[in-house]
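# Analysis of the macromolecular model
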Amino acid sequence: MENPNGTGAKVLTNAEVEARVEVILAGLSLSEKVGQLTQVGGTTFIEGPKPEDVIRRGGAGSVLWLNDTQKFNALQRIAVEESPSGIPLLFALDVIHGYRTIFPVPLAMAASWDPTVPERAQAVAAKEARAAGLHWTFGPMLDIARDARWGRIVEGAGEDPHLGAAMAAAQVRGFQGDRLGAPDRVVACAKHFAGYGASDGGRDYDPVYLPEGLLRNVYFPPFHAAVEAGVGTFMSAYMDLNDVPASGNRWLLRDVLRGEWGFKGFVVSDALAVGNLVTQGFARDRRDAAFRALSAGLDMDMASNTYPEHLEELVDSGALSVELIDDAVRAILAVKVRMGLFEQPYADEGLLEQVVASPEHRTAARLAAQRSMVLLRNEGALLPLDKGIKNLAVIGTLANSKSATEGSWMVFGHIPAAVTVLEGIRAKLPDATITYAPGPEIEREFPSMFDILMPDPNKPAPQTPEQAEVAFQQAVDTARGADLVVMVLGEHANMSGEAASRASLDLPGRQEELLKAVVALGKPVVLVLLNGRPLSITWAAENVPAIVEAWEPGTEGGHAVADILFGDVNPGGKLPVTFPRKGSHAPLYYARNLTHSPEGSRAYNPRYWDGLPTPLYPFGFGLSYTTFEIANVSVSTARMKVGETLTVTADVTNTGRVAGDEVVQLYIHQRAGSDTRPMRELKGFERVTLQPGETRTVTFQLGPSALRYWSTSRGAWVQDAAEFDIWVGSDSLATLHAEFRVES
Ligand code: NOJ
């Protein structure tokens, strides 16, 4: 098999990798070892010595925040030809949902409920990134997020551990291929370990308190799945976890990750996180921070400069053993050896443009966007629209925003090139009259971190209230002149993502007001949402006949939206997160525990006296242009022993008139046992395509790995002898029921 970049070198066995690593390690001074544990920033917004100088003296093992093939090669040349050890650098960047060809954001890809979607997407992303000279991506992001206010919900697979684990493994396979060092692939990084999505109030970086049971049963499974899929690296999270910051948390990094799961790769901190152990009031000073992070199992310091400042002295003074340093260096060198960097450290500067020109990349991005979209409402079968329509208005500032279409993480010099929704509709209906009005601009109240660090020199000045009013009236007038209106509303890309948490989940700015004014015109209105988190579109859910959740759909997003609106594609995505009616209902998720008051009793309902906290749209929900019936649920046995496996089957039939996709979902509930268990837990799903009238039998297995859990009362993994409910259906409110009993 060929090595990356076609050097023809053979694939090394584990023993060969280890032997090579030992030879390299034996030739390194302590200061060069510490260099390997140091990642430096390649951009200007990081203070400190110039990366060239650090690399020349062997002070860096990896570079991040650089996105320039020629510069990669220039720095690599310094590392290989001028530094004392000649060890090549690993170039890393956040390639989260595409490098040049942008795919839907990860939350959207999870909405496909089809792991082949993120797997293919990340394979394309890896190929482009590798061609650009990158070796390592800071993804996949595997944080479970049950609080839609948390901005980074956009980067993960939503609220569920089972769906999250499937998407995690798929992304690792996509980025890395079948092994580390596979051609045209990059090293993946499972982040942010662990619990980051559960910050108090959904406020980014705030402390997290999660009991061990919740960590193990809900927050860990995607990370464990990534280890099982062979992920090469992990990133520690920023925040404080149960009073021990994740970047200094020995239990997480040594006991669980390496001890229990057998992870053999290396762990990088999140950016500046080692130094931040001081800010967090955990480490006394930076020396103590370096000591505690390395001792806890954190191998590489991302840009905080704490390791290079203190590790050598810590070893020299006897505080840290050189064996600990050596172990960390070994893990990093092994990745470099496997990636073939010693054979081929340089990037081919002409390759990227060839690779991105591949039409298959665009096709894959369009398919991924189509499969990610969720039809939330379709009263009177308004959708799909007739392609013969002559006069259509498209309204909303997001409708023609390339950056909103591509979504989060398009920083570090990326130039958005997405097909917008307006462009997609125009391309679909070349002969129709399509008028467009953006309406008022929408803005964050406080600027985004990225807008501050990397300001866009072409960003127009904010609208004045008077200008916004004019834009509002123009939008209403434009809608008035059309036979049908497509409103494209939601959030700009910088409104979700890192440091982009919100207190409200409402449509920001005057968007809902505009929506109401347009609906009041009495025309048919279709609402297309572009957003990176659940939005509480409670008014729209009752008053707008058709709603399509398009998320942040990527480069081909506008085409994919048009494909869905005009019926070339039948939507089949399902929500990977609960949509709350209000931001103040967050965190809201389906897998909660029962209370002492029976579900549905008068005393139980409503939980708040000022509004129903039931979901606006439940987890797993999504409509289609056809209808499905799920029936005949059956279990292979009504009783089995602990440790045995049973089979659940159900029939799904397309009862409508067009072909379509249904995601058949299996939920369980353990009625009683060592601990209380969630009222429902997803344990299986399958997305099937059915022709009209076609029936398929879907099969799920329920064995010990699905039925066991970490018991708080027993402090151990248990599989209880217990009675279980099963529901099979098309969302988390499924009613088709069966039951079984597990006996000891
Ligand atoms: C901070 C973010 O939390 C992390 O996700 C990212 O990978 C690093 N910065 C590097 O950009």
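Residues numbered from 1 in each chain as written. Predicted model: local features only at pLDDT ≥ 70, side-chain atom pairs only at ≥ 80, totals over all residues. Heavy atoms only, no water.

## Focus on the site of the ligand
Every one of the 13 residues lining the ligand counts as a neighbour, but Asp94, Arg152, Lys191, His192 and Asp270 are closest to it. A distance of 2.8 Å separates an oxygen atom of the ligand from a polar side-chain atom of Lys191. Surface burial for the ligand is 97%, taken as the share of its 300 Å² of free accessible area covered by protein chains. Its residues placed into classes, the shell around the ligand shows seven nonpolar, one polar and five charged. (Near = heavy atom within 4 Å. Polar contact = N/O pair within 3.5 Å; in protein donor to acceptor, adjacent residues only side chain to side chain. Areas by Shrake-Rupley, 256 points an atom, 1.4 Å probe, with all protein chains shown as cover. Nonpolar A, V, L, I, M, F, W, Y, C, P; charged D, E, K, R; others polar.)

## Observations concerning the sheet that holds strand β21 (residues 681-690)
With mixed pairing, five strands are arranged side by side in an open sheet as β18-β26-β25-β20-β21. Bordering the open sheet on either side are β18 (639-641) and β21, each of which pairs with just one other strand. With direction set aside, neighbouring strand axes in the sheet form an average angle of 25°. Relative to β21, strand β20 (residues 660-670) runs antiparallel, the two sharing nine bridges. Following the sheet pairing, Ile668 is matched in β21 by Glu681. (Pairing = 2+ DSSP bridges. Helix = DSSP H or I, 4+ residues; strand = E, 2+ residues; numbered from the N terminus. Axes fitted to C-alpha atoms, helices over the stretch in contact; angles between N-to-C directions.)

## Some details on the pairing of strand β16 (residues 546-549)
Residues Ala546 and Val548 point to one face of β16 and Ile547 and Glu549 to the other, with burial holding for every one of them. Of the strand pairs in this sheet, strand β11 (residues 374-378) and β16 are connected by four bridges, and their pairing is antiparallel. By the bridge assignment, Asn378 is partnered in β16 with Ala546. Sheet analysis places strand β15 (residues 525-530) next to β16, joined by four bridges and oriented parallel. Across the sheet, Val528 pairs through a bridge with Val548, a residue of β16. For the handedness criterion, the β-α-β arrangement of β15, helix α22 (residues 538-543) and β16 is classed as right-handed. (Buried < 20%, exposed > 50% of the residue type's maximum accessible area, 1.4 Å probe, protein only. Right-handed = clockwise from strand over helix to strand, strands pointing away.)

## Some thoughts on the nonpolar core
Among the nonpolar cores identified, the biggest contains 159 residues, and Phe193 and Phe234 are the most heavily contacted of them. The leading source of residues in this core is helix α14 (residues 322-338), at nine residues. Both domains that furnish three or more residues to this core are identified here as domain 1 (1-91 + 321-356) and domain 2 (369-585). Judged by nonpolar contacts, the second largest core, of 37 residues, contains Met495, Val528, Phe566 and Tyr625. (Core = buried A, V, L, I, M, F, W, Y, C linked by side-chain atoms within 4.5 Å. Domains from an automatic or database assignment.)

## Some points on the confidence of the model for the protein
Scored by pLDDT, the protein has a mean of 96; 98% of the residues are at 70 or more. Confidence over residues 1-8 falls short of pLDDT 50; this stretch has 22 contacts with residues more than four positions distant or in other chains. (pLDDT = per-residue confidence, 0-100. Contact = heavy atoms within 4.5 Å.)

## Re the pattern of salt bridges
Enumeration over the complete set of coordinates arrives at 48 salt bridges. Between Lys387 and Asp568 there is a salt bridge; the shortest N-O distance is 2.7 Å. Here Lys387, found in the loop between β11 and β12 (391-395), pairs with Asp568, found in the loop between α23 (557-565) and β17 (628-635); they are 181 residues apart in sequence, far enough to count as distant. The network of salt bridges with shared partners includes Arg366, Lys387, Lys428, Asp563 and Asp568. (Salt bridge = Lys/Arg side-chain N within 4 Å of Asp/Glu carboxyl O.)

## Notes on the side chain of Asp563
Within the element layout of this structure, Asp563 appears in helix α23. Here the side chain of Asp563 touches Lys428 through a polar contact of 2.6 Å, side chain to side chain. Not counting the four nearest positions on each side in its chain, Asp563 is found in contact with Arg366, Gln370, Lys428, Asp568 and Val569.

## Observations regarding the domain arrangement of the protein
Structurally, the protein comprises domain 1 (1-91 + 321-356), domain 2 (369-585) and domain 3 (628-743). Just the C-alpha atoms count here: the centres of domain 1 and domain 2 sit 43 Å apart.

## Some details on the packing of helix α12 (residues 286-296) against helix α13 (residues 306-316)
Here α12 crosses α13 at 80°, and the two axes come no closer than 9 Å. Classified by the angle their axes make, α12 and α13 are roughly perpendicular. Here α12 contributes Arg286, Arg287, Ala289, Ala290, Phe291, Ala293 and Leu294 to the contact with α13, which in turn contributes Thr306, Tyr307, Glu309, His310, Leu311, Glu313 and Leu314. (Parallel < 35°, antiparallel > 145°, perpendicular 65-115°, else oblique.)

## Concerning the packing of aromatic side chains
Under the counting rule described, the total for this entry stands at 23 aromatic pairs. Note on Trp551 and Phe579: the rings are 6.3 Å apart at their centroids and 75° apart in plane angle, and the pair reads as edge-to-face. With Trp551 in the loop between β16 and α23 and Phe579 in the loop between α23 and β17, this residue pair connects regions lying 28 residues apart in the sequence. According to the relative accessible area criterion, Phe579 is buried, its value standing at 0%. Aromatic pair Phe579 and Tyr617: ring centres 6.1 Å apart, planes at 70°, arrangement edge-to-face. Residue Phe579 is located in the loop between α23 and β17, and its partner Tyr617 is located in the loop between α23 and β17; the two are separated by 38 residues in the primary sequence. Tyr617 shares its class with Phe579; the two are buried. Within the aromatic cluster, the residues linked to one another by ring pairs are Phe193, Phe220, Phe223, Phe234, Trp251, Trp261 and Phe263. Sitting over the ring of Phe282, Arg292 keeps its end group 3.8 Å from the ring centre. (Phe/Tyr/Trp six-rings, centres within 6.5 Å; stacked < 30°, edge-to-face > 60°. Lys NZ or Arg CZ within 6 Å of the ring centre and 35° of its normal.)

## With respect to the sheet that holds strand β22 (residues 695-702)
A sheet is described by the order of its strands in space; here three strands give the open sequence β17-β19-β22, paired in antiparallel fashion. A single partner strand is all that each edge strand has here, and the edge strands are β17 and β22. With direction set aside, neighbouring strand axes in the sheet form an average angle of 20°. Here β17 runs beside strand β19 (residues 646-654); their pairing, made up of six bridges, is antiparallel.

## Looking at the packing of helix α10 (residues 250-260) against α12
Relative orientation of the contacting elements α10 and α12 amounts to 20°, with a least axis distance of 7 Å. As the angle between them shows, α10 and α12 are arranged roughly parallel. Of the residues in α12, those touching α10 at Arg250, Leu253 and Arg254 are Leu294, Ser295 and Ala296.

## A few points about helix α8 (residues 212-219)
By the criterion of burial, α8 is predominantly enclosed, with six of the eight residues buried. Of all the residues in α8, the buried ones are Gly213, Leu215, Arg216, Asn217, Val218 and Tyr219. Buried residues along α8 sit against α7 (161-176), α9 (221-228), β7 (240-241), α10, β23 (709-711) and β24 (716-718).

## What about α14?
For α14, which comprises 17 residues, the first-to-last C-alpha distance of 24 Å matches the rise-based estimate of 24 Å (1.5 Å per residue) to within 8%. Along α14, the residues that are buried comprise Ile325, Asp326, Ala328, Val329, Ala331, Ile332, Leu333, Ala334, Val335, Lys336 and Val337. Contacts from the buried residues of α14 go to α1 (14-26), α2 (30-36), β3 (90-93), β9 (266-268), α12 and α13. Just downstream of α14, Gly340 is the residue with a positive phi angle, here 75°. (Expected span 1.5 Å × (residues − 1).)

## Notes on the environment of Tyr709
One can find Tyr709 in strand β23. Exposure remark for Tyr709: the relative accessible area of 1% places this residue in the buried category. Considered as a pair, Tyr709 and Asp720 are 11 residues apart in the sequence and their alpha carbons are 8.9 Å apart. Those residues in contact with Tyr709, other than ones at most four positions away along the chain, are Asn217, Gln670, Gly673, Ser674, Asp675, Arg677, Ala716, Trp717, Val718 and Asp720. Separated by 3.2 Å, the side chain of Tyr709 and the backbone nitrogen of Asp675 make a polar contact. A polar contact is formed between the side chain of Tyr709 and the side chain of Asp720, at a distance of 2.4 Å.

## A few points about the environment of Glu694
Summarising the element assignment, Glu694 is placed in the loop between β21 and β22. Residues Glu694 and Ala550 lie 144 residues apart in sequence; the distance between their C-alpha atoms is 28 Å. One polar contact links the side chain of Glu694 to the main-chain amide nitrogen of Gln691, over a distance of 2.9 Å.

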